[in-house]
Amino acid sequence: DFMKEVLILLGTNLGDKHENLAKAIESIGRFGKIHRTSACYESPAWGYESTSSYFNQVLLLHTAIEPGVLMQALLGVEQELGRERLVEGYADRLIDIDILSIDAMVRQTALLELPHPRMHLRRFTLLPLQEVHPEWMHPILKKSISELLEVCPDPAVPTRLS
């Protein structure tokens, strides 16, 4: 099988956030080769009120696993790491794993929408993404990351943690 470039966003705002991200990265490494990892970015909760800030990180994974199968596997990792997807909408979470894009694939299924439908609206996604894949182009909007950042409506400016 040929290798696909998968961009994955991690998020956490509960417990030991550095530990949560490290465990997620370790688990995701089972599904291919993690090619690059961004720094952590800290930002306030998005879409709802929370006293806990988020840490976000983007990974570039090279894998031969099919997209639907990979998404199921990542949901499994969330569960292993203690995520409960019970509530509708946005809520505090130990770990959140989202596929942002796979190559230049455009796809919409119940399980997986590619590219991620809200990724261009959030600086906490675009900044770490720019770090791991600066030349990435949005396959629908046909914009580069720097162009997406210029027009990003998100007022929050995430802090890059070392």
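Refer to the structure printed above.
Fair warning: this is a prediction, and the values are worked out from it, not measured in the lab.

**Student:** Hey, could you go over the overall build of the protein chain for me, with residue numbers and the actual values?
**Tutor:** Within the protein chain one finds four helices and eight strands. In sequence order, the secondary structure elements of the protein chain are arranged as β-α-β-β-β-α-β-β-β-α-α-β. Principal axes of the C-alpha set define a box for the protein chain whose edges measure 45 × 35 × 30 Å. Long-range contacts, defined here as pairs at least 24 residues apart, represent 69% of the contacts in the protein chain between residues at least 6 apart. Placing the 16 positive and 22 negative side-chain charges of the protein chain at their respective mean positions leaves the two points 2 Å apart.

**Student:** Before we move on, can you summarise the packing of aromatic side chains with the specific residues and values?
**Tutor:** Under the criterion given, the structure shown has zero aromatic pairs. Sitting over the ring of Phe 2, Lys 4 keeps its end group 5.1 Å from the ring centre. One cation-aromatic arrangement involves Lys 17 over Phe 55; the distance from NZ or CZ to the ring centre is 4.9 Å.

**Student:** Would you mind going over the environment of Glu 150 in detail, with residue names and values included?
**Tutor:** Along the polypeptide, Glu 150 turns up in helix α4 (residues 145-151). For Glu 150, a relative accessible area of 70% translates into the label exposed. In sequence terms Glu 150 and Leu 81 are 69 residues apart; their C-alpha atoms lie 35 Å from each other.

**Student:** Account for the pairing of strand β3 (residues 40-43), with residues named and values stated.
**Tutor:** Judged from the three bridges that link them, β3 and strand β8 (residues 159-161) form a sheet pairing that is antiparallel. Within β8, the residue paired with Tyr 41 across the bridge is Arg 160. Bridge count for β3 against strand β4 (residues 54-63) is three bridges, and the pairing is antiparallel. Bridging across to β4, Tyr 41 finds its partner in Asn 56.

**Student:** Account for the side chain of His 116, with residues named and values stated.
**Tutor:** Mapping His 116 onto the fold places it in the loop between β7 (113-114) and α3 (123-132). The class for His 116 is buried, based on a relative accessible area of 9%. In this structure His 116 touches Asp 98, Ile 99, Leu 100 and Arg 122, once residues within four positions along its chain are discounted.

**Student:** Could you give an account of the side chain of Asn 13, naming the residues involved and the relevant values?
**Tutor:** Within the element layout of this structure, Asn 13 appears in the loop between β1 (4-12) and α1 (17-28). Taking relative accessible area as the criterion, Asn 13 reaches 1% and is therefore assigned buried. From its side chain, Asn 13 meets the backbone oxygen of Ser 52 in a polar contact 3.2 Å long. One polar contact links the side chain of Asn 13 to the main-chain amide nitrogen of Arg 93, over a distance of 2.8 Å. With residues up to four places along the chain from it excluded, the contact list for Asn 13 reads Tyr 48, Ser 50, Ser 52, Ser 53, Tyr 54, Asp 92 and Arg 93.

**Student:** Got a sec to walk through the environment of Arg 30? Specific residues and values, please.
**Tutor:** Within the fold, Arg 30 resides in the loop between α1 and β2 (33-37). Separated by 3.1 Å, the side chains of Arg 30 and Glu 80 make a polar contact.

**Student:** Now, about a nonpolar patch on the surface: what can you tell me, with residues and values included?
**Tutor:** A cluster of nonpolar residues, Val 106, Ile 140 and Leu 141, forms a patch on the protein surface that exposes about 260 Å² of accessible area. A residue is classified by how much of its surface remains accessible, and Val 106, at 51% relative accessible area, is exposed.

**Student:** Before we move on, can you summarise the nonpolar core with the specific residues and values?
**Tutor:** Of all hydrophobic cores here, the largest spans 23 residues; its most connected members are Ile 8, Leu 10, Ile 28, Leu 74, Ile 97 and Ile 99. Examining the composition of this core, we find that four residues originate from one element, helix α2 (residues 67-80), more than from any other.

Calculation notes
Residues numbered from 1 in each chain as written. Predicted model: local features only at pLDDT ≥ 70, side-chain atom pairs only at ≥ 80, totals over all residues. Heavy atoms only, no water. Helix = DSSP H or I, 4+ residues; strand = E, 2+ residues; numbered from the N terminus. Contact = heavy atoms within 4.5 Å. Lys, Arg positive; Asp, Glu negative; His and termini not counted. Charge placed at Lys NZ, Arg CZ, Asp CG, Glu CD. Phe/Tyr/Trp six-rings, centres within 6.5 Å; stacked < 30°, edge-to-face > 60°. Lys NZ or Arg CZ within 6 Å of the ring centre and 35° of its normal. Buried < 20%, exposed > 50% of the residue type's maximum accessible area, 1.4 Å probe, protein only. Pairing = 2+ DSSP bridges. Polar contact = N/O pair within 3.5 Å; in protein donor to acceptor, adjacent residues only side chain to side chain. Patch = residues over 30% accessible without salt bridge, like charges linked within 9 Å, V, L, I, M, F, W, Y side chains within 5 Å. Areas by Shrake-Rupley, 256 points an atom, 1.4 Å probe, with all protein chains shown as cover. Salt bridge = Lys/Arg side-chain N within 4 Å of Asp/Glu carboxyl O. Core = buried A, V, L, I, M, F, W, Y, C linked by side-chain atoms within 4.5 Å.

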